[in-house]
Amino acid sequence: MTENDWVCRPCGLEKLPEPQGGPAIRLVDLVKALDGKKVLDGIDLDIPRQRITAVIGLSGAGKSVMLKHMIGLERPDAGRVLVDGVDLTRLSRPELYRIRRRFGMLFQGGALFDSLDVFENVAFPLREKTALGEAEIRERVHMRLAQVGLEGAGEKFPDELSGGMVRRAALARAMVMDPEILLLDEPTTGLDPIIRNSILSLICHMYHQHCFTMVMISHDIPDIFCWSHHVVVLHDGKVVLSAPAEEVFRSSDPFVRQLIHGDIAGPVHLM
Amino acid sequence: MLALAEAIGTRVLRKIRAMGGMTIFLWASLSSAVAPPVPLRHVVKQVHFIGVKSLFVIVLTASFTGMVLGLQGYYTLRKFAAEGLLGSAVALSLIRELGPVLSALMVTGRAGSALTAEIGIMRIGEQIDALETMGIDPIRHLVSPRMLGALVSVPLLASIFDVIGILGGYLVGVKLLGLNQGVYFGQMEASVMLKDVSDGLLKSIAFGLIISWVCTFKGYHTARGAEGVSQSTTSAVVLSSVLVLIGDYLLTSVLL
Amino acid sequence: MKRLNVETAVGLFVIAGILCLAWLSVKLGKLEFLESDTVPVIAEFSSVSGLKEGAAVEIAGVEVGKVVSIAEKDYKARVTMKLRSGIPLQEDAIASIRTRGLIGDRYVSLTPGASDRRIPPGGRIRETESAVDLEGILGQFIHGSAK
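Residues numbered from 1 in each chain as written. Chains lettered and ligands numbered in written order. Predicted model: local features only at pLDDT ≥ 70, side-chain atom pairs only at ≥ 80, totals over all residues. Heavy atoms only, no water.

Participant: Even after reading the chapter, I still don't get the pattern of salt bridges, so can you show me in this structure?
Facilitator: When the charged atoms of two side chains with opposite charge come close together, those side chains can pair. Using the criterion set out here, one finds 30 salt bridges over all chains in the structure. One salt bridge in this structure joins Lys68 of chain A and Asp129 of chain B, with 3.5 Å as the shortest N-O distance. Of this pair, Lys68 of chain A sits in helix H1 (residues 63-70) while Asp129 of chain B sits in helix H5 (residues 127-133), on two different chains. Take Lys68 of chain A: its relative accessible area is 15%, and that puts it in the buried class. Ionic pairing is found between Asp84 of chain A and Arg102 of chain A, a salt bridge with its closest N-O pair at 2.3 Å. Of the two residues, Asp84 of chain A is situated in the loop between strand S4 (78-83) and strand S5 (86-87) and Arg102 of chain A in the loop between helix H2 (93-100) and strand S6 (103-106); the sequence distance between them amounts to 18 residues. You can call Asp84 of chain A partly exposed: its relative accessible area is 35%. A relative accessible area of 21% places Arg102 of chain A in the partly exposed class. (Salt bridge = Lys/Arg side-chain N within 4 Å of Asp/Glu carboxyl O. Helix = DSSP H or I, 4+ residues; strand = E, 2+ residues; numbered from the N terminus. Buried < 20%, exposed > 50% of the residue type's maximum accessible area, 1.4 Å probe, protein only.)

So this is what it looks like as structure tokens:
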């Protein structure tokens, strides 16, 4: 472990707590084919506990599919997904639903329920999965909405929100059950730079408050290196590199270099 | 030759797999529909959507169906000097056949397509995945209430269709063509048996099941963006209409 | 006008639907909830051709009951009817099968007798008139006139 693991890179200030136990999520030799095409081709990966892990790679590299495996939304053709040593692929549905209470997930488009307003969207998991009273639910939802800066928008419906507000509302919903592990699928894609940075700093702020284990898919290269501790590079369903952010940034691997710099010339030719 | 056989085999296997998938889906949604606690609030919402909001179109089609039955029936029966049987002709064809079938087709067009589109949009917007990640069974949460709603709404709509249609026939036969009112209803009461009514009811329950099953299944298994939603909506409407008509024939031949 | 809320609308819809269903099954389908106020009575006919279960039983043209079941027994047709209670049937009452109109329904007509003795519930009407065999009559008529 280097000194970097002890200091929060995004803010560079606060000391991080030392993680208890080994990796939060382990993917072991994961294989998945969709429509006859191998999307994941033998993924072996450890997600460090209580750190922000960024997953980068070209579009179609299998990032989203891998993230969905981590929460059991997809079942692999082969391999195992271990969350604290429990193999998700062997769980029955009720067991899977129970273990998912430890997860929060933010989807690419936010995936807010169109028929519910923002407040009800955030309150939804509480209403469905807990026996909390109305007052308690209101208090928790208002707290989460305040954290993401949406105090006054509770009455609005998803189609009345801007892209940034949708992501923030979805983030509030993902966190409302106090998860240990937060999975974020492209939280910033399609947003303008100012809103993008405000979302990223919000995520970082949340991280400091709750010390989640975070896995974040992102295309914000090279910015993402400043907002994460650990970076995973994925290409063609394989892990190219999984290392602390600094190390990945300084990597001499030609594909990683091309990805970071966005070069047209390099090991990958698209045209 | 072998290639042809293989092509046929692939298609057959795919169809069988799809049918198996549909059956498992039906089983999952029905079993979670009856597992307590029954999500009554959601079911009420679906009865409102499938039933109450279809009422207008049902009343409209029912009254015109009844009126045209009155007109056609009168014209045909007069050839045999049996206009007195108009009441029975209108009531029997409505209760046994047209009420359940036409109301099912109307519900398919108005509510079934919307069910598919709604669930399909939730699928492509990853809202169904979001439910899953929250540990909520999307079939129990989305599909079962819609199925129960259709099972309640469609038979009631068919009954309303029957009554409105009989009144439509009354309007034409008695008020317009001058048939005796007592003859119209008297013949009707004499010829309609309880079995006719219960057969019609059974049919419309079966149709409610078919519609909600096909439409939610197609929505639930939507893929590939907005185009996928339009595709699954179209195929849901076509498939459930066809299945309603096929089911109608099969049920009629079994029940008669 | 204030819009109905969802629950009220659904409630009204369900009530309307059930009323329609009730009208269809009680008024047209003649569904009976109370079976107790009827009295069974049996009659045997040599032919009931055309009579169906559920057909009307009339006295002087007024419906007083209906046919519950038709079965074959000793080459005769045994018809079980249910009559409204409170209608005394004399022992020598006659049950006859009649036709309404030329192609209309068959029904059972009861003609009261003069005896002092009543038929008990579940008892048998001895005097019966079978269905008129229209083809037979026509045949007789044609053959008769041809001879």
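Let's pick the thread back up.
Participant: Any chance you could explain the side chain of Asp129 of chain B here in plain terms?
Facilitator: Exposure remark for Asp129 of chain B: the relative accessible area of 13% places this residue in the buried category. With near-sequence residues (within four places) excluded, Asp129 of chain B lies in contact with Lys68, Leu73 and Phe107 of chain A together with Arg123 of chain B. (Contact = heavy atoms within 4.5 Å.)

Participant: Explain the side chain of His48 of chain B to me, please; I cannot follow it from the model alone.
Facilitator: Take His48 of chain B: it is sitting in helix H2 (residues 40-50). A relative accessible area of 12% means that His48 of chain B is categorised as buried. Apart from residues no more than four positions distant in its own chain, His48 of chain B is found in contact with Lys53 of chain B together with Val6, Ala9 and Val10 of chain C.

Participant: Help me out: how do you make sense of the interface of chain B and chain C in this one?
Facilitator: The extent of an interface is frequently quoted as the accessible surface area lost upon association of the parts. Every contact between the two is made by 25 residues of chain B and, on the other side, 22 residues of chain C. Regarding the contact of chain B and chain C, the summed buried area is about 2,100 Å², with carbon and sulfur atoms giving 83% of it. Considering only the surface of chain B that becomes buried against chain C, Leu156, Glu189 and Leu194 of chain B emerge as the three largest contributors, covering 25% of it. Summed over the shared surface of chain B and chain C, the result is zero salt bridges. Viewed at the interface, chain C and chain B are joined by zero residue pairs in polar contact (both at pLDDT 80 or more). Ranked by the residues each element gives to the side of chain B that touches chain C, the list is headed by helix H6 (residues 138-176) of chain B, at eight residues. Here the side of chain B that touches chain C is built from residues that sort into 18 nonpolar, four polar and three charged. (Buried area = accessible area lost by both parts, 1.4 Å probe. Polar contact = N/O pair within 3.5 Å; in protein donor to acceptor, adjacent residues only side chain to side chain. Nonpolar A, V, L, I, M, F, W, Y, C, P; charged D, E, K, R; others polar.)

Participant: I keep staring at the interface of chain B and chain A and nothing clicks. Help me out?
Facilitator: With 17 residues of chain B in contact, the opposing surface of chain A contributes 19 residues. Counting the surface chain B buries against chain A, the share from its top three residues, Glu126, Thr133 and Met134 of chain B, is 37%. Linking chain B to chain A there are five salt bridges. Those elements that place two or more of their residues in the side of chain B that touches chain A are helix H4 (86-124), H5 and H6 of chain B.

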